[in-house]
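Close look at the chain arrangement
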Amino acid sequence: MNIIWALLLLLGSSAGHPQQDSHHPLSQLFQATVHSAMIASQQDVPVSADHPPVKVDPQVTAPKVKGIYVTAYSAGGSRMNQLLDLIDKTDLNAMVVDIKDDAGYITYKTDNATLKQMGKPEPFIPDINQLMQRLNKHKVYPIARVVVFKDTVLAKKRPDLSFKNPDGTLWENGKGDSFVNPYSKEVWDYNIAIAKEAAKLGFKEIQFDYVRFPEGFEKRADTLKYVKNDKSRVDTVAEFVQYARKQLAPLGIRVSVDIFGYAASVPAAEGIGQDFGKISENVDVISPMVYPSHYTTGWFGAQDPDKEPYKTIKGSMADTHKKLDPLKDRKPIIRPWIQDFTASWLGSGHYEKYGKQQVQDQIRALKDAGVDEYLLWNASNRYSQGVAYK
């Protein structure tokens, strides 16, 4: 408490400066100290979807993020040279790097016994410490992507933590992927252990992906065999992210979550356990995937949303604000995933080739909607040239 009073006195002594704002180093130090105290005070409060804790930013000095997705293969290979060059020469400043990927592989060598026991480390990134040094050298804000409940590796190792068919075999979706059970506290702790190791490595933020039950789960919820409790699927998912945030905030780590873009425009997706508002009030950053190609005819008045990126993004952000504004002081930073790929699978006449203009149209729509952070998705990490990212 003496430290806080001292900081208050120091702030008071500099109050005569008309340019004093939240970016002043002393102001940031004061905010960080107060926020740390508030975060510590929340640790003993039980996790409850109905009673989210007061929102406290664990990282007040974080930049306005403009980033790109980077696979573990790119991060550990020669393509990283091109991606760092892109960061150096533009207003981009962040990378979202796969640390636990869509199959469930941990993408680097680890000596953590728990992670080795439950997961399967693969050195797609040969030297994780060297990677972190490179990111630091190029002033890249590092975000670790952790795919949570889509985890074929863990499901095969521990079928008891997954979903089983009536005949006792491991359930798989049509693509051969398996999910682990969001009701399982053991699954929660495993993924948070990965996040904590990422924090020790130097990542500033954890972005959790696939924070949900499998698509169409409501059609098989009563036939599959799995452990569950009396919580709803929506509350179970919301309480996972709340629990993760309580674990990571004391380390100064922000928590962000990916979510389907249309979740902002429709009621809660109870089948897969995603409620846009309940998840958002429990995270620091929400990243709706608002790729124009993922909307169908008629969305936001567009005949072919993929061909009208400005209109589609502008409409999606209007819905996002409408959904999140009622959260007031629990409203997270809105940082959407936008499209830098060509959706040729939509068929002739329903898509266009994405490049500089289409990316800039999306960025302009975000700006016009009052959103100044974003992430670019391209699965192959080949990003358009010449884009003005301001």
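Structure: see above.
Thresholds applied
Residues numbered from 1 in each chain as written. Predicted model: local features only at pLDDT ≥ 70, side-chain atom pairs only at ≥ 80, totals over all residues. Heavy atoms only, no water. Helix = DSSP H or I, 4+ residues; strand = E, 2+ residues; numbered from the N terminus. Buried < 20%, exposed > 50% of the residue type's maximum accessible area, 1.4 Å probe, protein only. Contact = heavy atoms within 4.5 Å. Areas by Shrake-Rupley, 256 points an atom, 1.4 Å probe, with all protein chains shown as cover. Axes fitted to C-alpha atoms, helices over the stretch in contact; angles between N-to-C directions. Parallel < 35°, antiparallel > 145°, perpendicular 65-115°, else oblique. Left-handed = near helix turned anticlockwise from the far one by under 90°. Nonpolar A, V, L, I, M, F, W, Y, C, P; charged D, E, K, R; others polar. Pairing = 2+ DSSP bridges. Core = buried A, V, L, I, M, F, W, Y, C linked by side-chain atoms within 4.5 Å. Salt bridge = Lys/Arg side-chain N within 4 Å of Asp/Glu carboxyl O. Expected span 1.5 Å × (residues − 1). Arc of directions from axis to C-beta.

We now examine the overall build of the protein chain. The helix and strand tally for the protein chain stands at 12 helices and 11 strands. For the protein chain, the residues scored as buried account for 54% of the 390 residues in total. Here the analysis covers contacts within the protein chain between residues at least 6 apart in sequence; of these, 76% occur between residues at least 24 apart. Total accessible area computed for the protein chain in this model is approximately 17700 Å², and 52% of it derives from carbon and sulfur atoms.

Viewed as axis vectors pointing N to C, helix α4 (residues 79–89) and helix α6 (residues 128–137) meet at an angle of 25°, and their least axial separation amounts to 11 Å. Overall, the two elements α4 and α6 adopt an arrangement that is roughly parallel. Regarding α4 and α6, the two cross each other, and that crossing is right-handed. Residues Met80, Asn81 and Leu84 of α4 lie in contact with α6, whose contacting residues are Leu131, Arg134 and Leu135. Across the contact of α4 with α6, the residue classes break down as four nonpolar, one polar and one charged.

Moving on, we get to the pairing of strand β7 (residues 254–260). For β7, the tally of buried residues reaches six of seven residues, placing the bulk of the element in the interior. Pairing geometry for strand β6 (residues 205–209) and β7, over four bridges, is parallel. Its bridge partner lying in β7, Ile206 is registered against Val255. Pairing between β7 and strand β8 (residues 285–289): five bridges, direction parallel. If you follow Ile259 over to β8, its bridge partner there is Pro288.

The subject of this paragraph is the packing of helix α11 (residues 309–324) against helix α12 (residues 356–368). Look at α11 against α12: their axes get within 8 Å of each other, and the N-to-C directions meet at 30°. When the axes of α11 and α12 are compared, the pair comes out roughly parallel. Both α11 and α12 take part in a crossing whose hand is right-handed. Together, Pro309, Tyr310, Ile313, Lys314 and Met317 of α11 and Gln358, Asp361, Gln362, Arg364, Ala365, Leu366 and Asp368 of α12 make up the contact between the two elements. When the residues that make up the contact of α11 with α12 are grouped by side-chain class, the tally is six nonpolar, two polar and four charged.

A word on the nonpolar core. Within the largest apolar cluster, 103 residues are counted, with the highest numbers of intra-cluster contacts made by Met95, Phe208 and Phe240. A per-element tally of this core places helix α8 (residues 185–201) first, with nine residues. Ignoring anything within four residues of it in the chain, the contact list for Phe240 reads Val148, Phe149, Trp188, Ile192, Phe208 and Val211.

A full pass over the atoms with the stated rule returns 21 salt bridges. A salt bridge links Arg145 to Asp98; its shortest N-O distance comes to 2.7 Å. Of the two residues, Arg145 is situated in strand β5 (residues 141–147) and Asp98 in strand β2 (residues 94–100); the sequence distance between them amounts to 47 residues. Residue class for Arg145 comes out buried when judged on its relative accessible area of 1%. Two residues, Glu239 and Lys231, come together in a salt bridge whose shortest N-O distance is 3.0 Å. Judged by relative accessible area, which is 33%, Lys231 ranks as partly exposed. Several salt bridges share partner residues, and in doing so they unite Asp98, Asp102, Arg145 and Asp209 into one network.

If you trace the backbone, Tyr190 turns up in helix α8. For the pair Tyr190 and Leu115, spaced 75 residues apart in the sequence, the C-alpha separation amounts to 7.1 Å. Those residues in contact with Tyr190 that sit more than four places away from it in its chain are Lys100, Gly104, Ile106, Leu115, Met118, Gly119, Asp151 and Leu154.

Turning our attention to α11. Here α11 spans 22 Å end to end across 16 residues, near enough to the 22 Å set by a 1.5 Å rise per residue. Along α11, the positions that sit buried rather than exposed are Pro309, Thr312, Ile313, Gly315, Ser316, Met317, Thr320, His321 and Leu324.

Take unusual backbone geometry next. Residues other than glycine seldom take positive phi values, yet Phe300 does so here, at roughly 55°. Among the structural elements, Phe300 can be located in the loop between β8 and α11. In this structure, Asn381 takes a positive phi of about 60° despite not being glycine. On the secondary structure map, Asn381 appears in the segment after β11 (374–377).

Of all the residues in α4, the buried ones are Arg79, Met80, Leu83, Leu84, Leu86 and Ile87. Burial along α4 is one-sided: seen end-on, the buried residues are contained in an arc of 150°. Set apart from the buried face of α4 by more than 90 degrees, the exposed residues are Gln82 and Lys89. In this structure, the buried side of α4 is in contact with β1 (66–70), α3 (72–75), β2 and α6.

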